[in-house]
Amino acid sequence: MRLLLPVLIFAAVCARGQIVDTAAISRAVSLFDLHFTPAEIDSMVDGVKENLQNYQKMHRQPTPNDLPFPFAFNPAPAGLKVPVKQQPVQWNIPNNVSLPANKNELAFYSIPQLASLIKNKKISSVELTRFFLDRLKKWGDTLECVITLTEELALKEAAAADEEIRKGIYRGPLHGIPYGLKDLFAVKGYKTTWGSVPYKDQVIDEDAFVYTQLKKAGAVLCAKLTLGELAFADQWFGGRTRNPWNLARGSSGSSAGSASATVAGLLPFAIGTETWGSIVSPSHTCGATGLRPTFGSVSRSGAMVLSWSLDKAGPICRSAEDAAIVFYYMKGTDGKDASAVERAFNFNPKVDFKKLRVAYAVNYFKTLPAGSQQHEVLETFKKLGANLQAVDFPDSTIYPYPIMDPIISAEAGAAFDELTRSDKDDLIHRQDKNFWPNIFRVSRLVPAVEYINANRHRTRLMEGLNHFMKNYDVVIVPTYAGNQLAMTNLTGHPVVVFPIGFGSNGLPNSITLIGNLYDDATILAVAKAYQDATDFHKKHPDKFLQ
């Protein structure tokens, strides 16, 4: 996030041949809540001219999206040690799984069920891969969720998995399992379009860390899936990704294709990313189970940058157990992402609610009608043995203003500096004031001082939220209530979102569990306990059962 950008309007004006003088500076500083005397402004002129000359020199240097930012955001408060001791995790792969009489039912088998079939040689990875490739071909255009089928690569990886299993080499529950990647992760030999017209033919000669991790686990990449242009919403250069429950509606985004394809059974799971809601929102909208992990859990090398201090990669699945499996195999670092760490993920699917401190945000739940599906979730957890504590989520006390806005704006504007300067942002389909081209332009007028100070206030937010969360293992919140989505993205706390029923419009509804930093395992186990007691995650859109 190149902070030596022109942060006053005169810089843009002067670059076009205008004179830097006291009048220009006076007009500029008024935009930033600054008030200087005439004498002070007169003293600024020479320094401003020198700054502008430096900016112009910098602008002659290439600043591609993958140019690293050498500073790492660390969500851990002082004294918190990242857990690194990994205990053995025993995944429950059943032995008694049979192929269904109706092969289409395979589309909605869980990862452990599919793993059982492959491990016990009841189906080969090649057969399973062809099955999902056929579904992607059949329904991909209907959902507008596929950018590139990686068929040749998939069949090659599936054949390799079969050969290893034939030799007695079994890598674990993802071995031979097909999946999809959000198309902001690079894979050699395939386009990485970022969902956007200016990049629709882009080929990056790199394998993203996420892809290499899943490849090591034996997973089979079948498709690169849609995302809203440059990771915003669900409209991309080829259309709008559809909601499997109602094709007239969008899937939300930006991990649009990842959620849509998974819920429709075009793939067993997919990988998404989140900066501010891009896993949570499509998971809620489509009825998926999405994990936004603790910030820094997964190296983002080989992925499009939107915000160095906010971007996160995570699994979008049909169950919490599936999400736990995928996250276990994708977490880690290759040393190329300054924020990524090696950390343990000690998932235990068995939950003892008597030992867990479970709270719910009563100030959020009060805004919902009595008897709402979210209230029913609380009743389910009580029946499971949870002693729920009613607490106020601390919006008003630790989030006094939208801290997110200057941070995400400045970082995104810097990440796409070349796009803005080249005027190729004109190729982006949406050109309204609320979409990227204009957002990037507005971001140029975020002063570096204000960006830095927003991050200083972010420190207070992190301290406040960690102080609040240390009293609980899990906090239950309605998915879109209050400011918690922005707050937890800024602080790096993990969340899991999962379906809890359907609204009067026939579309899925969801709940969100917030966990402590690096304790993604607990919220996934609690989500699994809920899903073991209910069947909302097993509901599938009728159209895609064939």
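Since the model is a prediction, treat every value here as computed from it, not as a measurement.

### Some details on the packing of aromatic side chains
Step number 1: Counted according to the given criterion, the structure contains 27 aromatic pairs.
Step number 2: Arranged with centres 6.0 Å apart and planes meeting at 85 degrees, the rings of Trp194 and Phe416 form a pair that is edge-to-face. Here Trp194 is found in the loop between strand E2 (178–182) and helix H7 (209–216), whereas its partner Phe416 is found in the loop between helix H14 (404–415) and helix H15 (417–422), with 222 residues between them in sequence.
Step number 3: For Trp194, a relative accessible area of 5% translates into the label buried.
Step number 4: Judged by relative accessible area, Phe416 falls into the buried class, the value being 1%.
Step number 5: Among the aromatic residues, those joined into a cluster by ring pairs are Trp194, Tyr199, Phe232, Phe416, Phe435, Trp436 and Phe440.

### Details of a positive patch on the surface
Step number 1: A cluster of like positive charges, contributed by Lys156, Lys188, Lys215 and Lys336, occupies part of the molecular surface.
Step number 2: With respect to the helices and strands, Lys188 occurs in the loop between E2 and H7.

### Remarks on the pairing of strand E10 (residues 312–317)
Step number 1: Most of E10 is tucked away, with 6 of its 6 residues classed as buried.
Step number 2: As defined by bridge partners, strand E8 (residues 270–274) adjoins E10 across 5 bridges and the pair is classed as antiparallel. The residue of E10 that forms the bridge with Thr273 is Ala313.
Step number 3: As paired strands, strand E9 (residues 289–292) and E10 are joined by 2 bridges and run antiparallel to one another. Residue Gly290 lies in a different strand from E10, and its bridge partner there is Ile316.

### Some details on the side chain of Ser260
Step number 1: Relative to the helices and strands, Ser260 resides in helix H8 (residues 256–263).
Step number 2: At a separation of 2.8 Å, a polar atom in the side chain of Ser260 contacts the main-chain carbonyl oxygen of Arg242.
Step number 3: Not counting the four nearest positions on each side in its chain, Ser260 is found in contact with Leu143, Cys145, Thr241, Arg242, Pro244, Ser251 and Cys286.

### Some thoughts on the nonpolar core
Step number 1: In terms of nonpolar packing, the biggest core is built from 113 residues, with Leu174, Leu214, Leu230, Phe269, Ile271, Phe416 and Ile476 touching the most fellow members.
Step number 2: In this structure, Ile476 is in contact with Val358, Ala359, Tyr360, Ala361, Phe365, Leu378, Phe381, Leu388, Ile511, Thr512 and Leu513, ignoring residues within four places of it in sequence.

### Some remarks on the packing of H14 against helix H17 (residues 448–469)
Step number 1: For the pair H14 and H17, interaxial distance at closest approach is 9 Å and the crossing angle is 130 degrees. Compared by their axis directions, H14 and H17 come out oblique. Considering the relative orientation of H14 and H17, their crossing is left-handed. From H14, Pro406, Ile407, Ala410 and Glu411 reach across to H17, where they touch Tyr451, Ala454, Asn455 and Arg458.

### Remarks on the side chain of Asn466
Step number 1: Summarising the element assignment, Asn466 is placed in helix H17.
Step number 2: If sequence neighbours within four positions are ignored, Asn466 has contacts with Pro75, Pro77, His493 and Leu517.

### Re the packing of helix H2 (residues 22–29) against helix H3 (residues 38–59)
Describing two packed helices takes the angle between their axes plus the distance from one axis to the other.
Step number 1: Relative orientation of the contacting elements H2 and H3 amounts to 100 degrees, with a least axis distance of 9 Å. Taken together, the axes of H2 and H3 are roughly perpendicular relative to one another. Contact residues: H2 offers Thr22, Ile25, Ser26 and Val29, while H3 offers Ile41, Asp42, Met44, Val45 and Val48.
Step number 2: Taken together, the residues that form the contact of H2 with H3 break down as 6 nonpolar, 2 polar and 1 charged.

### Observations regarding the sheet that holds strand E15 (residues 508–515)
Hydrogen bonds between backbone groups are what pair the strands of a sheet, and the pairing can be parallel or antiparallel.
Step number 1: Strand order in the open sheet made by the 11 strands is E1-E3-E2-E8-E10-E9-E14-E15-E13-E11-E12, with mixed pairing throughout. Of all strands in the sheet, those bounded by a partner on one side alone are strand E1 (146–149) and strand E12 (389–391). Here the strands of the sheet are splayed against their neighbours by 30 degrees on average, with no regard to which way each runs.
Step number 2: Bridge count for E1 against strand E3 (residues 220–225) is 3 bridges, and the pairing is antiparallel.

### Focus: unusual backbone geometry
Step number 1: For the bond from Gly253 to Ser254, the omega torsion is 15 degrees, close enough to zero to count as cis.
Step number 2: Inspection of the secondary structure assignment puts Ser254 in the loop between strand E7 (246–250) and H8.
Step number 3: Within the chain, Asp33 stands out as a residue other than glycine whose phi angle is a positive 60 degrees.
Step number 4: In this structure Asp33 comes out as exposed when scored by relative accessible area, which is 65%.

### Re the environment of Ala161
Step number 1: Positionally, Ala161 belongs in helix H6 (residues 151–166).
Step number 2: Residue contacts for Ala161: discarding those within four places in its chain leaves Ser125, His175, Gly176 and Gly218.

### With respect to the environment of Ser251
Step number 1: With respect to the helices and strands, Ser251 occurs in the loop between E7 and H8.
Step number 2: In the structure, Ser251 is positioned 10 residues away from Thr241 in sequence and 5.7 Å away in space, judged by C-alpha atoms.
Step number 3: Apart from residues lying up to four places away in sequence, Ser251 is in contact with Asp234, Thr241, Arg242, Asn243, Ala256, Ser260, Pro282, Thr285 and Cys286.

### Details of the pattern of salt bridges
Step number 1: On inspection of all chains with the given rule, the structure shows 21 salt bridges.
Step number 2: A salt bridge links Arg357 to Asp473; the shortest N-O distance between them is 3.3 Å. In this pair, Arg357 sits in the loop between helix H10 (320–330) and strand E11 (358–361) while Asp473 sits in the loop between H17 and strand E13 (474–478), placing the two residues 116 residues apart along the sequence.
Step number 3: With a shortest N-O distance of 2.8 Å, Asp432 and Arg430 are connected by a salt bridge.
Step number 4: For Asp432, a relative accessible area of 30% corresponds to the partly exposed category.
Step number 5: By sharing partners, the salt bridges in this structure join Glu163, Arg166 and Lys167 into a single network.

### Let's talk about the pairing of E7
Step number 1: Two strands pair when backbone bridges link them, and strand E6 (residues 242–243) and E7 are joined in this way by 2 bridges, in the antiparallel orientation. When the sheet's bridge partners are listed, Arg242 is paired in E7 with Gly250.
Step number 2: Hairpin connection from E6 to E7: 2 residues lie between these consecutive antiparallel strands.

### Some words on the layout of surface pockets
Step number 1: Roughly 790 Å³ of internal volume is contained in the largest pocket.
Step number 2: Examining the composition of the lining of the largest pocket, we find that 4 residues originate from one element, H15, more than from any other.
Step number 3: For the lining of the largest pocket, the residue count by class is 20 nonpolar, 9 polar and 10 charged.

Reading guide: rules and limits
Residues numbered from 1 in each chain as written. Predicted model: local features only at pLDDT ≥ 70, side-chain atom pairs only at ≥ 80, totals over all residues. Heavy atoms only, no water. Phe/Tyr/Trp six-rings, centres within 6.5 Å; stacked < 30°, edge-to-face > 60°. Helix = DSSP H or I, 4+ residues; strand = E, 2+ residues; numbered from the N terminus. Buried < 20%, exposed > 50% of the residue type's maximum accessible area, 1.4 Å probe, protein only. Patch = residues over 30% accessible without salt bridge, like charges linked within 9 Å, V, L, I, M, F, W, Y side chains within 5 Å. Areas by Shrake-Rupley, 256 points an atom, 1.4 Å probe, with all protein chains shown as cover. Salt bridge = Lys/Arg side-chain N within 4 Å of Asp/Glu carboxyl O. Lys, Arg positive; Asp, Glu negative; His and termini not counted. Charge placed at Lys NZ, Arg CZ, Asp CG, Glu CD. Pairing = 2+ DSSP bridges. Polar contact = N/O pair within 3.5 Å; in protein donor to acceptor, adjacent residues only side chain to side chain. Contact = heavy atoms within 4.5 Å. Core = buried A, V, L, I, M, F, W, Y, C linked by side-chain atoms within 4.5 Å. Axes fitted to C-alpha atoms, helices over the stretch in contact; angles between N-to-C directions. Parallel < 35°, antiparallel > 145°, perpendicular 65-115°, else oblique. Left-handed = near helix turned anticlockwise from the far one by under 90°. Nonpolar A, V, L, I, M, F, W, Y, C, P; charged D, E, K, R; others polar. 1 Å grid on protein atoms, 1.4 Å probe; cavity = no way out; pocket = protein on both sides within 12 Å on 5 of 7 lines; lining within 4 Å. Points joined across faces, edges and corners; volume = space filled by probe spheres on them.

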